[in-house]
Amino acid sequence: MSEQNRSPWRERMTILGDVEAASFLPWIERHAAKLGLAHAICVGGPGRIELEIAGPAELIDMMEMGCSLGPIDVWVDAIHRAPVAGESG
């Protein structure tokens, strides 16, 4: 178990849709914190939010599910995920 904590899974998550509501970015921050996931958010443009997220794969799956349901004032059309290359060592 401690081995898994030392090398978390890292992914880039791209959320597409009507995601420009002011409430969504703070919601993402709170949801990631509740799941214990490390994250960095980058707004990629109209209708697009990108974030890099790290933690156990199961919790990243939960983050995706939460974002797809999101707060009432956003509409998520799609979420794309891609692994982020780890540091060599």
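Provided above is the structure to which this section pertains.
Residues numbered from 1 in each chain as written. Predicted model: local features only at pLDDT ≥ 70, side-chain atom pairs only at ≥ 80, totals over all residues. Heavy atoms only, no water.

Some points on the packing of aromatic side chains
One pass over the structure, following the stated rule, counts 1 aromatic pair. Measuring from centroid to centroid gives 5.9 Å for F24 and W27, while their planes differ by 25 degrees, and the two rings are stacked. Of this pair, F24 and W27 both sit in helix 2 (residues 24–35), 3 residues apart, roughly one helical turn. Judged by relative accessible area, F24 falls into the buried class, the value being 0%. (Phe/Tyr/Trp six-rings, centres within 6.5 Å; stacked < 30°, edge-to-face > 60°. Helix = DSSP H or I, 4+ residues; strand = E, 2+ residues; numbered from the N terminus. Buried < 20%, exposed > 50% of the residue type's maximum accessible area, 1.4 Å probe, protein only.)

Some thoughts on the pattern of salt bridges
A complete count under the given rule lists 7 salt bridges for this structure. A salt bridge links E64 to R81; the shortest N-O distance between them is 2.5 Å. With E64 in helix 3 (residues 57–69) and R81 in strand 4 (residues 75–83), this pair connects stretches of sequence that are 17 residues apart. For E64, a relative accessible area of 24% translates into the label partly exposed. Three or more residues joined by partner-sharing salt bridges are found here, namely R10, R12, R48, E50 and E52. (Salt bridge = Lys/Arg side-chain N within 4 Å of Asp/Glu carboxyl O.)

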